[in-house]
Amino acid sequence: MTLSSLQPVRGTHDLMFDDIRRHRHVQSKFASVAARYGYSEIATPIFESTEVFARTLGDTTDIVTKEMYTFETKGGESVTLRPEGTAGVARAFISEGLTQQTPLKLFYNGPMFRHERPQKGRQRQFHQIGAELLGVPGPQGDVEVIALADHILRELNLTGKVTLELNSLGDADSRAAYRAVLIEYLTGHREKLSAESRDRLEKNPLRVLDSKDAADKEIVISAPRFPDYLNQASRDFFKSVQDGLSDLGVAFSLNASLVRGLDYYSHTAFEFTTEALGAQGTVLAGGRYDGLIAQMGGPPTAGIGWAAGVERLAMLLGEMPVLPRPIAVIPVGVGEDAVAQKLVHRLRMSGFNVDIGYSGNMGKRMKRANKLNAAVALIIGEDEVKQSSVTLRHLDSGEQSTVAMADLESRLELYR
RNA sequence: GCGGGUAUAGCUCAGUUGGUUAGAGCAUCUGGUUGUGGUCCAGAGGGUCGUGGGUUCGAGUCCCAUUACUCGCCCCA
C-alpha cells in the first residue's frame, strides 16, 4: 500500500465476483424488461463536447458548475466525461437524424462520472441504467415510462423497499405563474433563509422547496403550493397520469415539494426512494422534458425518461442466486494430463461447466475441486485410461463409480 | 467545498495508565494421508502498526500534519 498510484483513483472501484454479478443482474433484468416495452438499446460515447452537457443541464446546476470531469483534447476541444445519460441521447437524437422516427424508445446502461465527495451509494464513476421516450406528448407516455421503472424494480424484488413519489411541475405557463408567487413569498422571508437558499432564490427558486435546512423548511411549509397554481390543462394532464398509474396498479404518493431544477422539465416528475441507503435514498428518478430537444437545437419534441443508479440498486438486492456447480476433472498423475485435457475440452464443447486443477498431487486437486464447489469429480488414472473409463465421484456423498468414457455426457446430464 | 469517525498480517479485528521478541480467528502453505476433498491434528510463512514529523530514556499507544477510507452536510442516480 505504499504506492498511492497503485490504488484505484478516489471514487472508483474494481468490480468483481459478487459485486459485478449484482451489476449484471440489474442490467440484464433491465434489458429484458425494456425489450418487452419495445425499447431498443443505445450506447452513446462516454465523453461528449462539453457544450452538450453545459447547454442541456443548465449552468446553474451543481453538476455543471463543479462536478464535471472536463478536459481539453490535443486538438484543443473541450470535452467532458458524461455526468448523466439524457444529454447524450438527446444529442444523438438530433445528430443521427432520428427526429422523424418518433415515437422513439431508447434505453441505455453505462458508467457516468461526477466529481463529488464519495460516500455510501455515491462514487465518482458510477453506473446508470436509463430509459427515454421521445415524441410522445400525451400522459400515456408518462404512464408507460413510470410503469417500466416500476416493472424493473418489481423484477428485482425491490417493491417492498422503494416507494414512488410523484409531482407535477405543470406546463410553462403554470410554472411561470407559480414561480412569480413563490419568489414574492420567499423574498418576504429573505432574511431568514439560508445562504444557499438566498442564492437559489435568484437562480432557481423552485429548488428552495427542496432545502433540508431547518429554518428553510419552516418557511417552505407555509409557502404557496405548486399544485394550487397549475392551470386546467396541467391539472388534467397530471390527473390522467395518476389515473393511468392507478389503473395499472402502480402505487405512488404525491409530494408537492418534489422538483427538478432544470427549466426544460415540465409536467410529471417522479422519484423512487428507499430508506435503506442513508443519505442516498433516491434510487431512480426522472421526469418529462418537453423543452429539451428544442433547447438543443432540434425540432420541438416531447420527451420523458428516467435514470437509476446501478450501485444503489445492487446494494438493495438480496443474496445472489448460487452459481452453477462445475464438474472437476482430476488426472491422477502427469501421465494422464493429456487425456484429461482432451476430456475437459470435449465436455465443455458439449455444454458442461468444467474445471481442472492445473498442478499438484491428487489431494491438492481434490481440495481445489472442493473449493470450486464442484458437484462431481472425474478421476482419471492409469487404470481408467486402460479401460477407457473414468471414476465419477459425487463430492457431496463421496459415492463413486466407474463410467465408460463414451457414456459420460448422458451420465452427467444432471450437472449440465 | 464543509464537519465527524477510522487506519495494526491477504481478510475481520484485539493490543491495558506509553515499557522491551506486536497477537487471535479466518485464509494460505507443509506434514499426518506418494490414487481421494470437505472434518480433525501438528507445524510454518506472512507486519517498515497508512505516511511524515514531534514529545519521551522508551511510541502501535500521546501531539501535529498529511493521505486514504468511511459516515453525514451539500448535491444527486
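Placed above this text is the structure.
Now for a description of the structure that goes with this document. This one's a predicted model, so the numbers in the text were calculated from it and none came from an experiment.

### Brief notes about the sheet that holds strand S2 (residues 47-49)
(1) Moving on: Ordered by their spatial adjacency, 3 strands build an open sheet running S2-S4-S3, and the pairing between neighbours is antiparallel. Of all the strands in the sheet, the pair left with one neighbour each is S2 and strand S3 (69-72). Strand-to-strand, the axes of this sheet are offset by a mean angle of 30°, without reference to chain direction.
(2) Moving on: Here 4 bridges tie S3 to strand S4 (residues 78-81), and the two strands are oriented antiparallel to one another. Across the sheet, the residue bridging to Phe 71 is Val 79, located in S4.
(3) Moving on: Along the sheet, helix H2 (residues 50-57) contacts S2, S3 and S4; its crossing angle with S2, the most-contacted strand, is approximately 80°.

### With respect to the side chain of Ser 234
(1) Moving on: Along the polypeptide, Ser 234 turns up in helix H9 (residues 232-247).
(2) Moving on: On the accessibility criterion, Ser 234 (0% relative accessible area) is buried.
(3) Moving on: Leave out the neighbours within four places in its chain, and Ser 234 touches Gly 170, Asp 171, Ser 174 and His 267.

### Brief notes about the environment of Arg 393
(1) Moving on: Of note, Arg 393 is situated in strand S15 (residues 389-394).
(2) Moving on: Ignoring any residue separated from it by four or fewer positions in sequence, one finds Arg 393 in contact with Met 366, Ala 375, Val 376, Ala 377, Ile 379, Gly 398, Glu 399 and Gln 400.

### Section: the environment of Lys 66
(1) Moving on: Along the polypeptide, Lys 66 turns up in helix H3 (residues 62-66).
(2) Moving on: Looking at Lys 66, the relative accessible area reads 55%, which means it is exposed.
(3) Moving on: Residues Lys 66 and Thr 56 lie 10 residues apart in sequence; the distance between their C-alpha atoms is 15 Å.

### Thoughts on unusual backbone geometry
(1) Moving on: Residue Pro 103 is bonded to the preceding Thr 102 through a cis peptide linkage, with omega at -5°.
(2) Moving on: Along the chain, the position of Pro 103 falls in the loop between helix H4 (86-95) and strand S5 (104-113).
(3) Moving on: At Asn 157, a residue that is not glycine, the phi angle is positive and equals roughly 60°.
(4) Moving on: Relative to the assigned elements, Asn 157 resides in the loop between helix H5 (139-155) and strand S7 (162-168).
(5) Moving on: Among the residues examined, Asn 157 registers a relative accessible area of 64% and is labelled exposed.

### As for the pattern of salt bridges
(1) Moving on: Summed over the entire model, instances satisfying the criterion amount to 16 salt bridges.
(2) Moving on: With a closest N to O distance of 2.6 Å, Glu 48 and Arg 91 form a salt bridge. Taken together, the residues span a long stretch of sequence, with Glu 48 in strand S2 and Arg 91 in helix H4 at a distance of 43 residues.
(3) Moving on: Several salt bridges converge on common partners, so that one network encompasses Asp 18, Arg 21 and Arg 22.

### As for the packing of aromatic side chains
We describe a pair of aromatic rings using the distance from one ring centre to the other and the angle between the two ring planes.
(1) Moving on: For the structure on display, the rule yields 5 aromatic pairs.
(2) Moving on: Both rings, one in Tyr 178 and one in Phe 226, keep their centres 4.3 Å apart while their planes meet at 10°; by these two values the pair is stacked. Taken together, the positions of Tyr 178 in helix H6 (residues 172-188) and Phe 226 in the loop between helix H8 (214-221) and H9 put the pair 48 residues apart, joining distant regions of the chain. Summarising the burial analysis for this pair, Tyr 178 and Phe 226 share the class buried.

What counts and what doesn't
Residues numbered from 1 in each chain as written. Chains lettered and ligands numbered in written order. Predicted model: local features only at pLDDT ≥ 70, side-chain atom pairs only at ≥ 80, totals over all residues. Heavy atoms only, no water. Pairing = 2+ DSSP bridges. Helix = DSSP H or I, 4+ residues; strand = E, 2+ residues; numbered from the N terminus. Axes fitted to C-alpha atoms, helices over the stretch in contact; angles between N-to-C directions. Contact = heavy atoms within 4.5 Å. Buried < 20%, exposed > 50% of the residue type's maximum accessible area, 1.4 Å probe, protein only. Salt bridge = Lys/Arg side-chain N within 4 Å of Asp/Glu carboxyl O. Phe/Tyr/Trp six-rings, centres within 6.5 Å; stacked < 30°, edge-to-face > 60°.

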